[in-house]
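Structural overview for review
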Amino acid sequence: MELEAKIRKQQSVKISDVLIKLVKRSKLYDNIVNALLKKEKTKVREARIESAIKGKPLKILLAEDNLISQKLAVRILEKQGWKVTVANNGKEAVEWIEKNGFDLVLMDVQMPEMDGLEATKEIREKEKITGKHIPIVALTAHAFKEDEEKCLSAGMDGYTTKPIKIQELFKTIENILKEKQ
Ligand code: MN
């Protein structure tokens, strides 16, 4: 009888061990779920940027030679409800601008055939005749003062770093459009 009780006790210990493990596992599960939810909440918060230009149906010309950067930028811009046209280099950008109808250009600085600086200079040169001024925002991997000055002296209105950060981009575009008014 005593032995039987011992075995029973051992069994119950084992069962409680299993139960503890299950509880621990579910706690781990909860932690994982909570962590994921937290991440999701942060994403939602990021998406809820307060901005005067958010939701405005801007027509954007994106001049970017890198396919991955193109895709990323298009996704971000279209998510804002903006219409995006892609140019693969500066030359294409100049051609698109002539066709008109854009509110803003996002111009990569380094591109083959014609880079962003050259393209901007050409666009500004042509605008001397038309009297227009399309806002051009430089996209660049570098955030050096020197690069910024190069962009501005080429005739660009603003400057944002790649990969695109929505908040930074919004701020830049907002400021430029405000100045235009
Ligand atoms: Mn490039």
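Read on for an overview of the structure.

Thresholds, definitions, all that
- Residues numbered from 1 in each chain as written.
- Predicted model: local features only at pLDDT ≥ 70, side-chain atom pairs only at ≥ 80, totals over all residues.
- Heavy atoms only, no water.
- Helix = DSSP H or I, 4+ residues; strand = E, 2+ residues; numbered from the N terminus.
- Buried < 20%, exposed > 50% of the residue type's maximum accessible area, 1.4 Å probe, protein only.
- Contact = heavy atoms within 4.5 Å.
- Areas by Shrake-Rupley, 256 points an atom, 1.4 Å probe, with all protein chains shown as cover.
- Expected span 1.5 Å × (residues − 1).
- Pairing = 2+ DSSP bridges.
- Right-handed = clockwise from strand over helix to strand, strands pointing away.
- Axes fitted to C-alpha atoms, helices over the stretch in contact; angles between N-to-C directions.
- Polar contact = N/O pair within 3.5 Å; in protein donor to acceptor, adjacent residues only side chain to side chain.
- Parallel < 35°, antiparallel > 145°, perpendicular 65-115°, else oblique.
- Left-handed = near helix turned anticlockwise from the far one by under 90°.
- Nonpolar A, V, L, I, M, F, W, Y, C, P; charged D, E, K, R; others polar.

Thoughts on the overall build of the protein
For the protein, the count of helices and strands is six helices and five strands. Listing every helix and strand of the protein by position from the N terminus yields α-β-α-β-α-β-α-β-α-β-α. Relative to its 181 residues, the protein shows a buried fraction of 35%. The contacts in the protein between residues at least 6 apart in sequence include a share of 59% that link residues at least 24 apart. On the protein, roughly 12600 Å² of surface is accessible, and the fraction owed to carbon and sulfur atoms is 57%.

Section: helix H4 (residues 116-130)
Look at H4: 21 Å from first C-alpha to last across 15 residues, which is about the 21 Å you get at 1.5 Å a residue. Two residues or fewer past H4, glycine 131 is found with a positive phi of approximately 75°.

A look at the pairing of strand E2 (residues 83-87)
Here five bridges tie strand E1 (residues 59-63) to E2, and the two strands are oriented parallel to one another. Residue pairing in the sheet places leucine 62 in a bridge with valine 86 of E2. Regarding topology, helix H2 (residues 67-79) serves as the crossover connection from E1 to the parallel E2, and that connection is right-handed.

Notes on the sheet that holds E2
Ordered by their spatial adjacency, five strands build an open sheet running E2-E1-E3-E4-E5, and the pairing between neighbours is parallel. Strand pairing shows two members of the sheet lacking a second neighbour, E2 and strand E5 (158-161), which therefore form its edges. Pairs of neighbouring strands in the sheet enclose a mean axial angle of 25°, with direction left out of account. The sheet strands contacting H2 are E1, E2 and strand E3 (104-108), and the helix crosses E2 at an angle near 165°.

Details of the pairing of E5
On E5, burial covers both faces: Gly158 and Thr160 on one face and Tyr159 and Thr161 on the other are all buried. The pairing of strand E4 (residues 136-140) with E5 spans four bridges and is parallel. Residue pairing across strands places leucine 139 opposite threonine 160, the latter belonging to E5.

Some points on the side chain of glutamine 80
Assignment of secondary structure puts glutamine 80 in the loop between H2 and E2. A polar atom in the side chain of glutamine 80 sits 3.0 Å from the backbone oxygen of isoleucine 76.

Some details on the packing of helix H3 (residues 90-99) against H4
Where H3 contacts H4, the two axes come as close as 9 Å, and the packing angle between them is 25°. On the basis of their axis angle, the class for H3 and H4 is roughly parallel. Note that H3 runs across H4; the crossing there is right-handed. Across the interface between the two elements, Gly90, Val94, Ile97 and Glu98 from H3 touch Ala119, Glu122, Ile123 and Lys126 from H4. Looking at the contact of H3 with H4 residue by residue, the class counts come to four nonpolar, one polar and three charged.

Any link to function would need more than the numbers given here.
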